[in-house]
Amino acid sequence: MQNTDFIDAGSTELIPPKDRSVSRMLVPSLPEPTSLQPVASAVRPRRRLWLGLALGLAAAAAAAGGYWWQHAEPGLPAGIAFGNGRVEADEIDIAAKFGGRIAALLADEGDGVRAGQVVARMDTQDLETSLHKAEAQMLGASRMLDEASASVEQQKAQVKLAEQQLARAIYLADKGYATTEILDQRHQQMDAANAAFAAANARVGEAEQTLAAANHDVDLYHINIADNSLVAPRAGRIQYRLANVGEVIGAGGKVLTMLDTGYVYMDVFLPTAEAGRAMMGSDARVVLDARPDAPIPAKVVFVSDQAQFTPKAVETKAERDKLMFRVRVRVDADYLRAHSAEVGSGLPGLAYVRLDPGAEWPISLAGRTDEQSR
């Protein structure tokens, strides 16, 4: 029986041939089945997920760092505090005093207006008709006064005549040429003339009062007609148009809303230690995010006497340090008159308050504001 060597599958064996003429050969083994390929395909999505999370965290850290860099103020000297806020301006509603129809709108949203400028007109046809009636009544009252005055002059003449007749009767009665009856008649005529004269004077007073009332009615209608011309009470900018031409609104109905650009302020919140040192009239600066290189001069005009974010029970110093007080700084009025277009309501920024009058403003906050204050 011929001798034969066998090779196990999965290994490489050297087969010693019986015949020396046959060279030795290597027989590669068959590869075993492996599960590495599906594992590698499952690892790739996980790597992408972790890579995405790392990129997201890096972006968030960069955004937070940028925000901190923009809002943090290292290097501020002692005695200067700051807080975040938004520039605000008082809203003023321009409303109709009387109910009626809107006849004309003379300003629109975004328009700048002057104090006393007419921005809308109401229909006044009914008031003008009533005015004409009151003027006619005033004219009638004036004529009644003229008539009463003429009556006074007439009664004054009657009184003078009665005085003369009474004097003659007294003289004749003393001489015995006039009877007592005639003397009595002259006394009665004198009394009647005086009474008529007093009545005439009373009618003059009544006519004067009637004329005065008619004058007041005319003045009232003039005022009411003028009040139907809606004017801007302050200089500012129209923010909203709330009604259209031809609409009928009730008394007190709003037509326009404007911003008082002469009173621009920012409210910030400072902790107890800093708010307690903020005094009325203290110097301040407002720096808008949109214009970080242009500090705006301001003054402290209000410090709240009530804390915000107050704990339920303030018992320890650590809890007291958590108290925040609202502080309002108002932009300088002279600056607003020259740069009203640069200070827009609603813009975010920072407000700096000089707590120590001896503290020097840093160069970034001093700039042109100090030059303008000179």
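For the structure, check the block above.
What comes next is a walk through the structure. (Residues numbered from 1 in each chain as written. Predicted model: local features only at pLDDT ≥ 70, side-chain atom pairs only at ≥ 80, totals over all residues. Heavy atoms only, no water.)

**Here's the deal with the overall build of the protein**
For the protein, the helix and strand inventory stands at seven helices and twelve strands. In the protein, which comprises 374 residues, the proportion classed as buried is 28%. Sequence separation of at least 24 residues holds for 75% of the intrachain contacts in the protein that already meet a minimum separation of 6. Surface summary for the protein: the accessible area is close to 24,200 Å², and the carbon and sulfur share equals 55%. (Helix = DSSP H or I, 4+ residues; strand = E, 2+ residues; numbered from the N terminus. Buried < 20%, exposed > 50% of the residue type's maximum accessible area, 1.4 Å probe, protein only. Contact = heavy atoms within 4.5 Å. Areas by Shrake-Rupley, 256 points an atom, 1.4 Å probe, with all protein chains shown as cover.)

**Quick notes on the sheet that holds strand β4 (residues 118-122)**
Across the sheet, which stays open at both edges, the four strands sit in the order β5-β4-β2-β7 with antiparallel pairing between neighbours. Two strands lie at the open edges of the sheet, namely β5 (229-231) and β7 (248-249), each paired on one side alone. Where strand β2 (residues 100-105) lies against β7, two bridges are found, and the strand directions are antiparallel. Across the sheet, the residue bridging to Arg 101 is Val 248, located in β7. (Pairing = 2+ DSSP bridges.)

**Things to note about the pattern of salt bridges**
Counted by the stated rule, this structure contains eleven salt bridges. Between Arg 337 and Asp 334 there is a salt bridge, with its nearest N and O atoms 2.0 Å apart. Taken together, the residues span about one helical turn, with Arg 337 and Asp 334 both in helix α6 (residues 333-339) at a distance of three residues. On the basis of relative accessibility, which here comes to 48%, the residue Asp 334 falls in the partly exposed class. If you follow the salt bridges from partner to partner, you end up with Asp 283, Arg 285, Lys 299 and Arg 354 in one network. (Salt bridge = Lys/Arg side-chain N within 4 Å of Asp/Glu carboxyl O.)

**With respect to the nonpolar core**
With 27 residues, the main nonpolar core has Val 87, Val 264, Met 266, Val 286, Ile 296, Val 329 and Val 343 as its most contacted residues. Elements with a contribution of two residues or more to this core: β1 (80-95), β8 (254-271), β9 (283-288), β10 (291-308), β11 (324-331), α6 and β12 (348-354). No other element matches the five residues that β8 contributes to this core. Counting 17 residues, the second-largest nonpolar core is a separate cluster that includes Ile 92, Ile 102, Ala 107 and Ile 238. (Core = buried A, V, L, I, M, F, W, Y, C linked by side-chain atoms within 4.5 Å.)

**A look at the packing of aromatic side chains**
Enumeration according to the criterion identifies two aromatic pairs in this entry. Stacked on the ring of Tyr 265, the Lys or Arg Arg 328 has its end atom at 3.8 Å from the ring centre. (Phe/Tyr/Trp six-rings, centres within 6.5 Å; stacked < 30°, edge-to-face > 60°. Lys NZ or Arg CZ within 6 Å of the ring centre and 35° of its normal.)

**Here we look at helix α3 (residues 180-227)**
Relative to the 70 Å expected for 48 residues at 1.5 Å per residue, α3 spans 70 Å between its end C-alpha atoms, a close match to the ideal helical length. The set of residues buried in α3 consists of Leu 183, Met 190, Ala 193, Ala 200, Val 204, Ala 207, Leu 211, Ala 214, Val 218, Asn 224 and Ile 225. Residues of α3 that are buried make contact with α2 (125-175) and β5. (Expected span 1.5 Å × (residues − 1).)

**Quick look at the pairing of β9**
Most of β9 sits inside the fold, with six of its six residues counted as buried. Every second residue of β9 is oriented toward a common face, with Asp 283, Arg 285 and Val 287 on one face and Ala 284, Val 286 and Leu 288 on the other, all of them buried. Bridge analysis of β9 against β10 gives five bridges, and the strand direction is antiparallel. Bridge pairing links Ala 284 to Ala 298 in β10.

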